[in-house]
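Coordinate inspection notes
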Amino acid sequence: MASASQKSETKTSTVLSVDPSDTFRTLHSLEGHKKSICSLKFSGDGKLLASASADSTVKIWNFKEGTLVKTLSGIHEAGINDISWGKKTSKFLCSASDDNTIVVWNVEEGKVLRRLKGHTKPVFSACFNKSETLIVSGGCDFIIRVWSVRPGKIFKQIPGHTKQITAVDFNNDGKLIVSGSFDGLCRIWETETGNLLRTIGQDNNFPVYNVKFVPNEKYVLCGTLDGKVCLWDFRKLKLEAYFKGHKSSKYCASISIWPIREKQRVVSGSEDGCAYMWNASRNATLVSKLQHSENPDETVLAVACHPDGYVATGSLMQPVIRIWLPKLMKEQGK
């Protein structure tokens, strides 16, 4: 049975900020997956952490206690690249796999609701809209698909890129989709019509490894394989800031904007065993590095950030999930 344990060796963060809340310590090390940790997501109600792995399973964790709640398995026939919680109830979760399918799960019951078939090659990314009525997905067949969840049918197909699609995301109201691709482009689409609204980048750009809408609806984060995460005003096509210092040249690591205690941080995995945090402003100051692994060749593929201060990291070679907490914060219930 999978277990969670606190390692005798305590991982710490490198402090690069005068703000003591940017100093982290490990709370738990969660073990149970047999292969790479590809995606980590906290549930919308903040109670659970989901992890997806190349071992074809999804695990649900009580991250505060460091315990395994359940394993979702037996459906996918290949590794899982991405997961997304339903944003309305935290009852549902979808998983995108190298077996060319997306599975919609009822997490509470541990049952499959739908298996979405239509992609012809591995699916890299999938995301629920806020109302849990649609899922957007993208992968190696270069086509963005929008699915109607209840019937499990394709609502819209968008031939959006000339190389594999690495990431897709809905904005807050679900009216827009952002996609990123190894063709070097980040594109904004209208969900209802599939019309292209904006293109960020050029065909000779470095491959895009991840994209995310920023909650304020004005910006998108775009990570590229030249070691940069860029913050774009996508309506004005204006580069507002870029964040560097991490290593990204091969793999599609997580990126996100993390609003925490009246601050905002940009967070990214890195190919040097760390997760990086920057001040989300035009000066783009690097404020912290979380050393997930002492192996400098390790890649932190997955990073998830919780509004209460918790951070989860997972890596390529060592299938361990680390739960981090700012040193100033006490553990739950203490």
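These lines cover the structure that appears in this document, whether it is placed above or below.

Quick notes on the rules
Residues numbered from 1 in each chain as written. Predicted model: local features only at pLDDT ≥ 70, side-chain atom pairs only at ≥ 80, totals over all residues. Heavy atoms only, no water. Helix = DSSP H or I, 4+ residues; strand = E, 2+ residues; numbered from the N terminus. Buried < 20%, exposed > 50% of the residue type's maximum accessible area, 1.4 Å probe, protein only. Salt bridge = Lys/Arg side-chain N within 4 Å of Asp/Glu carboxyl O. Contact = heavy atoms within 4.5 Å. Phe/Tyr/Trp six-rings, centres within 6.5 Å; stacked < 30°, edge-to-face > 60°. Lys NZ or Arg CZ within 6 Å of the ring centre and 35° of its normal.

Further remarks concern unusual backbone geometry. The phi angle at serine 90 is positive, at roughly 60 degrees, despite the residue not being glycine. If you trace the backbone, serine 90 turns up in the loop between β8 (80-85) and β9 (92-97). Even without being a glycine, asparagine 100 presents a positive backbone phi close to 80 degrees. Inspection of the secondary structure puts asparagine 100 in the loop between β9 and β10 (101-106). The partly exposed category is assigned to asparagine 100, whose relative accessible area is 22%.

As a further point, take the pattern of salt bridges. Applying the stated criterion across every chain yields a total of four salt bridges. Aspartate 99 serves as the salt-bridge partner of arginine 115, at 3.0 Å between the closest nitrogen and oxygen. Residue arginine 115 is found in strand β11 (residues 111-117), and its partner aspartate 99 is found in the loop between β9 and β10; the two are separated by 16 residues along the sequence. The exposure class of arginine 115 is partly exposed, given its relative accessible area of 28%. Taking the shortest distance from any N to any O, the salt bridge between arginine 145 and aspartate 141 comes out at 2.7 Å. For the residue pair arginine 145 and aspartate 141, the accessibility class agrees, reading buried in each case.

Mapped onto the elements of the fold, isoleucine 135 is located in strand β13 (residues 134-139). Along the primary structure isoleucine 135 and serine 95 are separated by 40 residues, whereas in three dimensions their C-alpha atoms are 11 Å apart. Apart from residues lying up to four places away in sequence, isoleucine 135 is in contact with Cys94, Val104, Leu116, Ala126, Cys127, Phe128, Arg145, Val146, Trp147, Val149 and Phe170.

Below, the discussion takes up the side chain of arginine 265. Inspection of the secondary structure puts arginine 265 in strand β25 (residues 263-269). Classification of arginine 265 as buried rests on a relative accessible area of 6%.

Moving on, we come to the packing of aromatic side chains. Enumeration according to the criterion identifies six aromatic pairs in this entry. Measuring from ring centre to ring centre gives 4.8 Å for phenylalanine 42 and phenylalanine 63, while their planes differ by 70 degrees; the resulting arrangement is edge-to-face. On the criterion of sequence distance, the pair formed by phenylalanine 42 in strand β4 (residues 37-42) and phenylalanine 63 in the loop between β6 (58-62) and β7 (67-72) is long-range, its members being 21 residues apart. The exposure classification of phenylalanine 42 matches that of phenylalanine 63, with both residues buried. Taking NZ or CZ as reference, lysine 156 lies 5.6 Å from the ring centre of phenylalanine 155, over its face. The aromatic ring of tyrosine 242 is capped on one face by lysine 228, whose charged end is 4.9 Å from the ring centroid.

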